[in-house]
Amino acid sequence: MTVTATATAPSPVLCARQVRADFADAGSAIIHALDNVSANFPSGHLTAIVGPSGSGKTSLIHALAGILVPQHGEIAFGSTVISRLNERQRDTWRLAHCGMVFQDFRLIDELDPLSNTLLPAQFRRARLPDGLRERARELLAGFGLPLRAGPVKALSRGEQQRVALARALLLDPPVILADEPTASLDRENAQRIADALRALARSGKTVVAVTHDERLAALADTVLTMKSGQLIETVARPGVSE
Ligand SMILES: Nc1ncnc2c1ncn2[C@@H]1O[C@H](COP(=O)(O)OP(=O)(O)O)[C@@H](O)[C@H]1O
Ligand SMILES: [Mg+2]
């Protein structure tokens, strides 16, 4: 696997402290998407989040990224309390620190794989830094995606998912938040992605992956189980990273 990640000093711990996030459904009943969730996501760890559909997994990933602001509790990255920043500050923090793989990918349909992969850099700078285009190509090739000129909407879902992952890794972020990153992949590519996420954690990144994939969960240092918005089980699996 050719995911290049620079080993650096350990990042601050990403953590959720007593986080509550409520939504109102169409009939204005309150849904507790996150109900008093507390957890630490240390650097160098691959944390898997499992649980049935609707249990709050995506909400937790979005809260960790500062996309969803909890009504109670806080999200912090070291001394930075992300959930207290304003929207613009949270966007800036996310761009500098988080690589996101969204459950629905959020690629730009009309752009080709390379342009989609380069999007985070476009948000950050007017001109692409030297070498970034090459890194994007390498990431795509590393995930088994030959360069294609056409729009990503012409690709299979499995291919789109891997473009989303390449994009998340472009700027070598310290935190990688991936929502079901192997859900659309065949066995071989799912294993490839699971191994890449494991390797990124080993290189010192904070890696959090929502997953239904037992092979990915088996590579995690910690498996968190959610149910009805609550974190109901935390299983640490010492030695998994050795
Ligand atoms: N934007 C939203 N508006 C209303 N309800 C939402 C919204 N996002 C999530 N929910 C609800 O919150 C609960 C948790 O959703 P989610 O975090 O997506 O769960 P999971 O990822 O485990 O399937 C579900 O009941 C879902 O319907
Ligand atoms: Mg989800």
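Every chain is numbered independently, its residues counted from 1 as its sequence is written. To label them, take the chains in the order written and letter them from A, then take the ligands in the order written and number them from 1. Totals for whole chains, interfaces and linings use all residues, but because this is a predicted model, local features are given only for residues with pLDDT of at least 70 and pairs of side-chain atoms are given and counted only at 80 or more. Neither water nor hydrogens contribute to the side-chain values; these are computed over all heavy atoms in the structure.

*Asks:* Looking at this structure, I do not really get the nonpolar core. What am I missing?
*Replies:* Within soluble globular proteins, side chains that are nonpolar tend to cluster in buried spots. For this analysis, a nonpolar core means a set of buried residues of the types Ala, Val, Leu, Ile, Met, Phe, Trp, Tyr and Cys, connected via side-chain atoms within 4.5 Å. We call a residue buried when its accessible area falls under 20% of the maximum for its residue type, exposed when it is over 50%, and partly exposed in between, using a 1.4 Å probe and counting protein chains only. Counting 41 residues, the largest nonpolar core has Leu46, Phe143, Val163, Leu197 and Val207 as the members making the most contacts within it. Among the elements of the structure, β3 (46–50), α5 (132–142), α6 (157–169), β7 (175–179), α7 (187–202), β8 (206–210) and α8 (214–217) are those that each provide at least two residues to this core. Only runs of H or I of at least four residues qualify as helices and only runs of E of at least two qualify as strands under DSSP, and these elements are numbered from the N terminus. Considering every element that reaches this core, the biggest residue donor is α7, with seven residues. Among the nonpolar cores identified, the runner-up in size contains 29 residues, and Leu14, Ile49, Leu64 and Val175 belong to it.

*Asks:* Got a minute to help me understand the environment of Ala33 in this structure?
*Replies:* Mapped onto the elements of the fold, Ala33 is located in strand β2 (residues 30–41). Take Ala33: its relative accessible area is 9%, and that puts it in the buried class. As a C-alpha pair, Ala33 and Ser59 span 26 residues in sequence and 6.6 Å in three-dimensional space. Residues in contact with Ala33, not counting those within four places in the same chain, are Ala21, Asp22, Phe23, Ser55, Gly56, Ser59 and Gly229. We call two residues in contact when some of their heavy atoms are within 4.5 Å.

*Asks:* Sorry, what's going on with the coordination of the magnesium ion (ligand 2) here?
*Replies:* Any two of four tetrahedral donors ideally make an angle of 109.5 degrees at the metal, while pairs among six octahedral donors ideally make 90 or 180 degrees. Any N, O or S atom lying within 2.8 Å of the metal counts as a donor, with the limit raised to 3.2 Å for Na, K and Ca; because water is left out of the atom set, some sites can appear incomplete. Around the magnesium ion (ligand 2), the protein supplies Thr58 (OG1) and Gln103 (OE1) as donor atoms, at distances of 2.1 to 2.4 Å. Remark: Gln103 occurs in the loop between β6 (98–101) and α3 (113–117) and Thr58 occurs in helix α1 (residues 57–64); sequence separation between them is 45 residues.

*Asks:* Explanation requested: the packing of aromatic side chains in the structure shown.
*Replies:* Each aromatic ring pair is specified by the distance between its two centres and by the angle formed by the two planes. Centres within 6.5 Å make a pair out of two Phe, Tyr or Trp rings, where for Trp the six-membered ring is used; the pair is then stacked when the planes are under 30 degrees apart, edge-to-face when over 60, and tilted otherwise. In total, this model carries one aromatic pair according to the counting rule given. Look at Phe77 and Trp93: their rings are 5.7 Å apart centre to centre, the planes differ by 70°, and that puts the pair in the edge-to-face class. Here Phe77, found in strand β4 (residues 72–77), pairs with Trp93, found in helix α2 (residues 87–97); they are 16 residues apart in sequence, far enough to count as distant. The pair Phe77 / Trp93 is uniform in exposure class, with both members buried. Cation placement over rings: the criterion is NZ of Lys or CZ of Arg within 6 Å of the ring centroid and within 35° of the ring normal. If you follow Arg106 out to its NZ or CZ, it ends over the ring of Phe102, 4.1 Å from the centre.

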